[in-house]
Amino acid sequence: MELSDGSVAVVTGAASGIGTALSRAFAAAGCAVVLADVDADALDAVADSIEGDVLPVVTDVSDAAAVEHLAEEAFGRFGAVHVLCNNAGVSTFNPLVAQTLDDWRWVLGVNLWGVIHGVQAFLPRLLAQGQPAHIVSTSSLAGLASGLPQLGPYNVSKVGVVALSETLRMELAMSGAPVGVSVLCPGTTPTQILESERNRPAALGREARVADGDAMRDAVRSGFDGPGARTAEQVADAVLDAVRSDQFWIITSGEMQGLVSSRFHEIAAATPAS
Ligand SMILES: NC(=O)c1ccc[n+]([C@@H]2O[C@H](COP(=O)([O-])OP(=O)(O)OC[C@H]3O[C@@H](n4cnc5c(N)ncnc54)[C@H](O)[C@@H]3O)[C@@H](O)[C@H]2O)c1
């Protein structure tokens, strides 16, 4: 679909990292942008820094009513939405034995329920408006390679985002609705993802600090300077290209190509011939 003056994009997790880069890229393409994030101060700062028509809406994507409110605000202000980016995400970094139930609740609440809430609140409205639109949900290479150590809840959430997006693509293609779908699977991207806990609700406690988790954090941090890393701006450019060309898979780095292909080869080899 075309992005032009008059197009409206909604981006969750807009106050940092990939979400900020997406918001800037959509604004630069002439779109009005609705920026949603749970971090009110950072959201205001990002909204102030973007030229163009922007609407910041403080939103906790793990809360269905808050995402419904986001949709009401977006459609109320602009009358239509053309791109929805379900992008907000967080991670813990610990072996499964050290992940608490509240770790699971927090990560799945933001990364998976946040996307579910986005689809529930926006899809009926996108279908009803009868204009071309596109839903981009942020997964990760962890949603394709899966099984990455110290990232249990994150892996589960990101595999879920892939499954939800594939289902949505199939159903929308079958219905002929003019709504495209993409799943964004970034590799290592220098952002504040390692400091996710800054926005963790106090009611969900704190992450345990164990050596294996710290080692994983260090590995991710060192990857920020590695050859496979892409900037948030490069990731955002890939998303806009995919929206314009209706491309489903947005895989921004080949850094886990070996892991991804060996996983799928193992599955294929274990699958009996029909
Ligand atoms: N950075 C990477 O290497 C990488 C790799 C693969 C996938 N991703 C995914 O990219 C997405 C963006 O992450 P990022 O790397 O830009 O991290 P980031 O921490 O820089 O930005 C994430 C944003 O999400 C917001 N957020 C957290 N909880 C929220 C909630 N409950 N409701 C609304 N907003 C909330 C944060 O306030 C923050 O502004 C996430 O889904 C993440 O899993 C990141």
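See the structure shown above.
Residues numbered from 1 in each chain as written. Predicted model: local features only at pLDDT ≥ 70, side-chain atom pairs only at ≥ 80, totals over all residues. Heavy atoms only, no water.

Draft legend 1. The arrangement of the overall build of the chain in detail. When you go through the chain residue by residue, the secondary structure sums to 10 helices and seven strands. Taking 19 Å as the expected radius of gyration for a compact globule of 274 residues, we find that the chain reaches 18 Å, a close match to that expectation. Once the C-alpha set of the chain is aligned to its principal axes, its extents read approximately 50 × 50 × 35 Å. Out of the 274 residues in the chain, the part that is buried amounts to 52%. Taking all contacts inside the chain whose residues are at least 6 apart in sequence as the whole, residues at least 24 apart take part in 72%. By element, 56% of the accessible surface of the chain is carried by carbon and sulfur atoms, the whole surface being about 12000 Å². (Helix = DSSP H or I, 4+ residues; strand = E, 2+ residues; numbered from the N terminus. Rg over C-alpha atoms; globule rule 2.2 N^0.38 Å. Buried < 20%, exposed > 50% of the residue type's maximum accessible area, 1.4 Å probe, protein only. Contact = heavy atoms within 4.5 Å. Areas by Shrake-Rupley, 256 points an atom, 1.4 Å probe, with all protein chains shown as cover.)

Draft legend 2. Representation of the sheet that holds strand 2 (residues 32-37) in the model. A sheet is described by the order of its strands in space; here seven strands give the open sequence 3-2-1-4-5-6-7, paired in parallel fashion. Taken across any chain shown, the strands that pair with only one partner, and hence form the sheet edges, are strand 3 (54-58) and strand 7 (249-251). The mean angle between the axes of side-by-side strands here comes to 15°, regardless of whether they run parallel or antiparallel. Relative to strand 4 (residues 83-86), strand 1 (residues 8-12) is paired through three bridges, and the arrangement is parallel. Of the residues in strand 4, the one forming a bridge with Val-10 is Leu-84. (Pairing = 2+ DSSP bridges. Axes fitted to C-alpha atoms, helices over the stretch in contact; angles between N-to-C directions.)

Draft legend 3. Examining the environment of Ala-208 more closely. With respect to the helices and strands, Ala-208 occurs in the loop between strand 6 (179-185) and helix 8 (211-223). Sequence separation between Ala-208 and Gln-99 is 109 residues; the distance between their C-alpha atoms is 7.5 Å. In contact with Ala-208, other than residues within four places in its own chain, are Asn-94 and Ala-98.

Draft legend 4. Just the nonpolar core, in detail. Formed by 53 residues in total, the largest nonpolar core has its most connected members in Val-10, Val-34, Val-81, Phe-122 and Leu-126. If we skip the residues at most four places from it in the chain, Val-10 touches Val-34, Leu-70, Ala-74, Val-81, Val-83, Leu-84, Cys-85 and Phe-122. One finds Leu-22, Ala-29, Val-136 and Ala-236 within the second-largest nonpolar core, a separate group that totals 32 residues. (Core = buried A, V, L, I, M, F, W, Y, C linked by side-chain atoms within 4.5 Å.)

Draft legend 5. Main features of the site of the ligand. Looking at the ligand, there are 30 residues lining it, with Ser-16, Asp-37, Tyr-154, Thr-191 and Asn-199 nearest. Ile-18 is positioned with one of its backbone polar atoms (N or O) 2.8 Å from an oxygen atom of the ligand. Protein chains bury 97% of the 830 Å² of accessible surface belonging to the ligand in isolation. Going through the elements one at a time, helix 1 (17-28) and helix 7 (152-175) are the ones with two or more residues in the shell around the ligand. For the shell around the ligand, the per-class residue count stands at 10 nonpolar, 15 polar and five charged. (Near = heavy atom within 4 Å. Polar contact = N/O pair within 3.5 Å; in protein donor to acceptor, adjacent residues only side chain to side chain. Nonpolar A, V, L, I, M, F, W, Y, C, P; charged D, E, K, R; others polar.)

Draft legend 6. Up close: the packing of helix 3 (residues 64-78) against helix 5 (residues 113-129). Orientation of helix 3 relative to helix 5, taken along the N-to-C sense of each, is 30°, at an axis distance of 8 Å. Comparing the axis directions of helix 3 and helix 5 gives the class roughly parallel. With respect to the hand of their crossing, helix 3 and helix 5 are arranged in right-handed fashion. Within the contact between the two elements, helix 3 uses Ala-64, Val-67, Glu-68, Leu-70, Ala-71, Glu-72, Ala-74 and Phe-75 and helix 5 uses His-117, Gly-118, Ala-121, Phe-122, Arg-125, Leu-126 and Gln-129. Partitioning the contact of helix 3 with helix 5 into residue classes produces nine nonpolar, three polar and three charged. (Parallel < 35°, antiparallel > 145°, perpendicular 65-115°, else oblique. Left-handed = near helix turned anticlockwise from the far one by under 90°.)

Draft legend 7. Structural detail: unusual backbone geometry. For Ser-146, which is not glycine, the phi torsion reads 50° and is therefore positive. One non-glycine residue, Asp-246, adopts positive backbone phi at about 55°. According to the relative accessible area criterion, Asp-246 is exposed, its value standing at 52%.

Draft legend 8. Layout of the side chain of Asp-103. Mapped onto the secondary structure, Asp-103 falls in helix 4 (residues 101-111). What makes Asp-103 buried here is its relative accessible area of 0%.

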